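Report on the structure
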Amino acid sequence: MPGECPPLAGEAGVGSRSDSEGVVRSHRRFRPWAGTVVSAAALSFAAAGGALAQTSGDNPSVLLRMIPASTVDVIQVAVVLGIMGSAFLSAIWLIRERARIAEENQTLRGRIAELNALLQRSEALLNLKDQRIVAWGGAAKKPDLIGALPGNSGAPEERSAFLAFGRWLAPRSATRLENAIAELREASTPFDLVVETQGGTLLEVRGRRPGSHVIVRFNSLSQAQAEHARLKLDHQQLLADHETFIGLVEALPMPLWLRAPDGKLKWVNRAYAETVEASDPAAAIQEGREMLGTQARETMHLNHLAHPVFAQTLSAVVRGDRKLFAVTEYAGKAGAAGLAADRSEIEAVRAEYEHTLRGHSDTLDQLTTAVAIFDTEQKLRFFNQAFQKLWGLDASFLNSAPDNAFLLDRLRAEGKLAEQPEWRRWKETILAAYRSVESSEHWWHLPDGRTIRVVANPQPKGGVTWIFENLTERIDLESRYNTAIRVQGETLDNLAEGVAVFGPDGKVRLSNPAFSRLWGLPDDFVTQKTHISEIRKRCEAMAQASPWGDFVALATGFDDERRDRHGQSELTNGTILSYAVIHLPNGQVMMTFVDVTDTVNVERALKDKNEALEKADQLKNDFVQHVNYELRSPLTNIIGFTELLTQGSTGPLNPRQRDYVDHISSSSSVLLTIVNDILDLATVDAGIMELDIAEVPVRRIVEDAAELIGGRLREHAIRLKIDTHGAPASFHADGNRVRQILFNLLANAANYAPEKSTIELSCRKEGEAIVFSVHDDGPGIAPEIVDSVFSRFEPRPNGGRRRGAGLGLSIVKSFVELHNGTVGIDSRPGQGTTVTCRFPLVPESFRTAAE
């Protein structure tokens, strides 16, 4: 009926969210009814008023009759008529609206039926046994689980167990899935994964976010899908491993490279780029920068022809420094891959270690203490020469790395170890060092009387180092030292020389009774606690010029330079003490005092006598020089007048006169020679003779000396043989003195050479010296007088034709020694005499001046 509310649509059928929303929309359409009814009433009222006006217009009298007398009545009628018209219109609109709503409800019921069918189909699809869905709502924290997975998939049915992916998925798959779900929920990032359960079953997982929901679906796979998924999972694993490997390779400090089949670089890591000084790996590949040299790459290429793997240490220049790299490269059909590890520091450390090891071995080998090193298997690995020498074993046996127990058995068998009452137990005690962590010490008394201190030092890495120290000499030295100390004490106590040793603190360390006796000190005064200052107080008054102030300063001073001191001190009682202050290495000072009263008195007497002798010698030299110069002038006159007489300018001489004149001439010449020799010797003795050093031709000086002696040689039919083939052309010397030396040598030889014999004069060079030798076939010189032939005034009358003053050979020796040369004589009775003079080619004085 009009005015009644129509029944609500959508009450039949299965309720759904869509139906509810439709009903709500239907109720919302009836809310503006109040305004509509009012509007309709107003329109009806207006229409009625218009109709009334139209009617009254045709017949005004009728209108007047119909209108009440009052205006209020007219208005009420108009309102009633408006309301009735509005209600009529509203009824018509409501009838139409009800028909529309009924039609709309019918449509909604059909839609709801379709949705119910769709929902049933969706639930049937979702509840299949090959998938499971996890859905999160917009504001829901806990997800909904729909569907189920097969029992053989390894996925648990329970909700909490299923959502704990780490319990039933493989660790890597669980991590990837949780990371993917987190990104899907936070950033709406979809994903498609293949995960693996702990039982090895593969599942496909897809994640999407449709609208405000997050959906993650787990699907079980067929065999073909599982194989595809397995390949996909392996591919993902390979990609992940490749990414991890590339990250590791980029982080490695070792250069790594890949080569194409043609040998060119196609990939390098950052370390390779830094090694070849490229800005980045791409630049290194583009520029073709090679880390290894051409020769090294050719060696690698030749090696790959026979073997795919190349492993060798090569050198390369990196930033101007040559370094060593352990290069490993594998070559396959698709190319080659290589890795270089810098071994420069390792090789340097290894070389240093080997150098240190060799140094230690060399050091141990130079020790006098025997050292042997055994490894963990008790095998001998090192021994020094002292070890081999101590036991007298063959080097071949020791180099064969014998066992320690076998070595002990061999030493016992050879009698080099003392017999032990229980050999096996003793050996086990010795070898227990290999099971110990502390060093052990043993004393071996060998059968040959030696005492050996044996130290076993276990090594941290196993093995034992054995040290054999021969203490025989040490024990003997200690014994002898103790004996020497006792002997020294007895000796010091019985010495006539006073000895006192003071320490750095000035206190007495050692003294003997002679020290107290010489200085007049009481016997019990000087002890080891007596200070030097107390001794000074007692002794200072006993000496005329006391040295004890200096003694105190030397004993207690801190001078950097410690100098010994010697001197004499005269006591008030007339005793003269000679003292010596000697600094000992340990900072102590030793003072010795000797009574030299008698010695000083004798020395003073000898000095007085020596001064008298020196004055007499000076007087003798002055007399000789004066007499020689005074004799030379008369002799020169005698020789000159004799030569005038022999020339006949003063008249002829009879034979007897001529004979006398000849004797006068020869005697005068001999006397002049003696005077000249004495004068030369006196000049040499006085130290005033100076040599005129110049270059002397050897051949000419020899010929001049031969010409001077020629007359005497012809007188006795003596031949002179000269040999200068081995001589130098010249040497530096005083020519006149060399001529005089050769003349004296030839004159001495001519005096003793038999008639018609031969005198040999030879000259040769020996090293930096020139040697003159004169040999005669005379009677020779007896051994007992050979040493006196160079003495002055020692003539030798045995076999000589002339008796001279005995100065010829003395002159020779003096002149040769002035040249820094030497003279030697070789003579035997019946075998002649050879005199040898050796001159330096360049005298030292001349060499110094030349420099």
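Residues numbered from 1 in each chain as written. Predicted model: local features only at pLDDT ≥ 70, side-chain atom pairs only at ≥ 80, totals over all residues. Heavy atoms only, no water.

1. As for the overall build of the chain
What the chain contains, in helices and strands, is 26 helices and 27 strands. Taken across its 851 residues, the chain has 33% of its residues classed as buried. Here the contacts in the chain between residues at least 6 apart in sequence split such that 50% fall between residues at least 24 apart. Accessible area of the chain: about 51600 Å², with a carbon and sulfur share of 54%. (Helix = DSSP H or I, 4+ residues; strand = E, 2+ residues; numbered from the N terminus. Buried < 20%, exposed > 50% of the residue type's maximum accessible area, 1.4 Å probe, protein only. Contact = heavy atoms within 4.5 Å. Areas by Shrake-Rupley, 256 points an atom, 1.4 Å probe, with all protein chains shown as cover.)

2. Quick word on the nonpolar core
Side chains of nonpolar character tend, in soluble globular proteins, to be buried together. Phe731, Ile759, Phe772 and Phe839 are the most contacted members of the largest nonpolar core, which totals 40 residues. Ranked by residues supplied to this core, first place goes to helix α24 (residues 735-752) with eight residues. In contact with Ile759, other than residues within four places in its own chain, are Leu713, Ile718, Arg719, Leu720, Lys721, Leu746, Ala749, Ala750, Ala753, Val774, His775 and Asp776. In this structure, Trp391, Ala433, Ile452 and Trp466 belong to the second largest nonpolar core, which totals 31 residues. (Core = buried A, V, L, I, M, F, W, Y, C linked by side-chain atoms within 4.5 Å.)

3. Regarding the packing of helix α19 (residues 532-539) against helix α20 (residues 548-556)
Running from N to C, α19 and α20 cross one another at 175 degrees; their axes reach a closest spacing of 10 Å. Taken together, the axis directions place α19 and α20 in an arrangement best described as roughly antiparallel. Residues Ile532, Ile535, Arg536 and Cys539 of α19 pack against Trp548, Gly549, Phe551, Val552, Ala555 and Thr556 of α20. Per-class residue counts for the contact of α19 with α20 are seven nonpolar, two polar and one charged. (Axes fitted to C-alpha atoms, helices over the stretch in contact; angles between N-to-C directions. Parallel < 35°, antiparallel > 145°, perpendicular 65-115°, else oblique. Nonpolar A, V, L, I, M, F, W, Y, C, P; charged D, E, K, R; others polar.)

4. Let's talk about the pattern of salt bridges
Going through the model one piece at a time under the given rule, you end up with 27 salt bridges. Of the charged contacts, one joins Arg412 and Glu419 as a salt bridge, the two residues approaching to 3.3 Å between their closest N and O atoms. Classification of Glu419 by relative accessible area gives exposed; the value is 52%. (Salt bridge = Lys/Arg side-chain N within 4 Å of Asp/Glu carboxyl O.)

5. Side note on the side chain of Asn512
With respect to the helices and strands, Asn512 occurs in the loop between β17 (508-511) and α18 (513-518). Non-local contacts of Asn512, meaning those with residues more than four positions away in its chain, are made with Leu492, Asp493, Leu495, Glu497, Gly498 and Val499.

6. Let's talk about helix α11 (residues 294-306)
In this model, α11 (13 residues) spans 19 Å end to end at C-alpha, consistent with the 18 Å of a helix rising 1.5 Å per residue. Along α11, the residues that are buried comprise Ala296, Met300 and His304. Seen along its axis, α11 keeps its buried residues to an arc of 80 degrees; they face one direction. Facing away from the buried side of α11, by more than 90 degrees, are the exposed residues Gln295, His301, Leu302, Leu305 and Ala306. On its buried face, α11 is in contact with β6 (256-259), β8 (309-318) and β9 (321-332). (Expected span 1.5 Å × (residues − 1). Arc of directions from axis to C-beta.)

7. Details of the sheet that holds strand β2 (residues 144-148)
Across the sheet, five strands lie side by side as β2-β1-β5-β4-β3; this open sheet has antiparallel pairing. Looking at which strands have only one partner, the edges of the open sheet turn out to be β2 and β3 (191-196). Adjacent strand axes in the sheet meet at a mean angle of 15 degrees when their direction is disregarded. Pairing of β3 with strand β4 (residues 202-208) involves six bridges; the strand directions are antiparallel. Bridge pairing in β4 places Glu196 opposite Leu202. Running at roughly 160 degrees to β3, helix α7 (residues 171-187) makes contact with β1 (131-136), β3, β4 and β5 (214-220) of the sheet. (Pairing = 2+ DSSP bridges.)

8. Some words on the sheet that holds strand β25 (residues 769-776)
Overall, mixed pairing links the five strands, which are arranged β22-β24-β25-β27-β26 in an open sheet. Each edge of the open sheet carries a strand with a single partner, namely β22 (719-726) and β26 (822-827). Taking the axes of each pair of neighbouring strands and ignoring which way they run, one obtains an average angle of 15 degrees across the sheet. Relative to strand β27 (residues 833-840), β26 runs antiparallel, the two being bridged by six bridges. Bridge pairing links Val823 to Cys837 in β27. Contacts from α24 reach β22, β24 (758-766), β25 and β27, with the element oriented near 20 degrees to β25.

9. What to know about the packing of helix α15 (residues 404-413) against helix α16 (residues 423-431)
Between α15 and α16, the shortest axis-to-axis distance is 11 Å and the interhelical angle comes to 135 degrees. Regarding the angle of α15 to α16, the classification is oblique. The element α15 and its partner α16 pack so that their crossing is right-handed. Residues Asn404, Ala405, Leu408, Asp409 and Arg412 of α15 form the contact with α16, whose participating residues are Trp423, Lys427, Ile430 and Leu431. Here the residues of the contact of α15 with α16 are counted per class, giving five nonpolar, one polar and three charged. (Left-handed = near helix turned anticlockwise from the far one by under 90°.)

10. As for the packing of aromatic side chains
Counted under the stated rule, the structure contains 27 aromatic pairs. Ring centres 5.9 Å apart and planes at 55 degrees place the aromatic pair Trp444 and Phe468 in the tilted group. Taken together, the positions of Trp444 in strand β13 (residues 440-445) and Phe468 in strand β15 (residues 464-470) put the pair 24 residues apart, joining distant regions of the chain. Comparing Trp444 with Phe468, the two get one shared label, buried. Taken together, the ring pairs in this structure connect Phe383, Phe387, Trp391, Trp423, Trp426, Trp444 and Phe468 into an aromatic cluster. A cation sits over an aromatic face here: Arg410 above Phe397, 4.0 Å from the ring centre. Sitting above the plane of the Phe525 ring, Arg538 keeps its charged end 4.5 Å from the centroid. (Phe/Tyr/Trp six-rings, centres within 6.5 Å; stacked < 30°, edge-to-face > 60°. Lys NZ or Arg CZ within 6 Å of the ring centre and 35° of its normal.)

11. Section: the confidence of the model for the chain
Considering every residue of the chain, the mean pLDDT works out to 78; 83% of them sit at 70 or more. The lowest-confidence element of the chain is helix α1 (residues 17-28), averaging 40 in pLDDT; the highest-confidence one is β25, averaging 92. Counting interchain partners and residues more than four positions distant, the pLDDT-below-50 stretch residues 1-67 has 58 contacts. (pLDDT = per-residue confidence, 0-100.)

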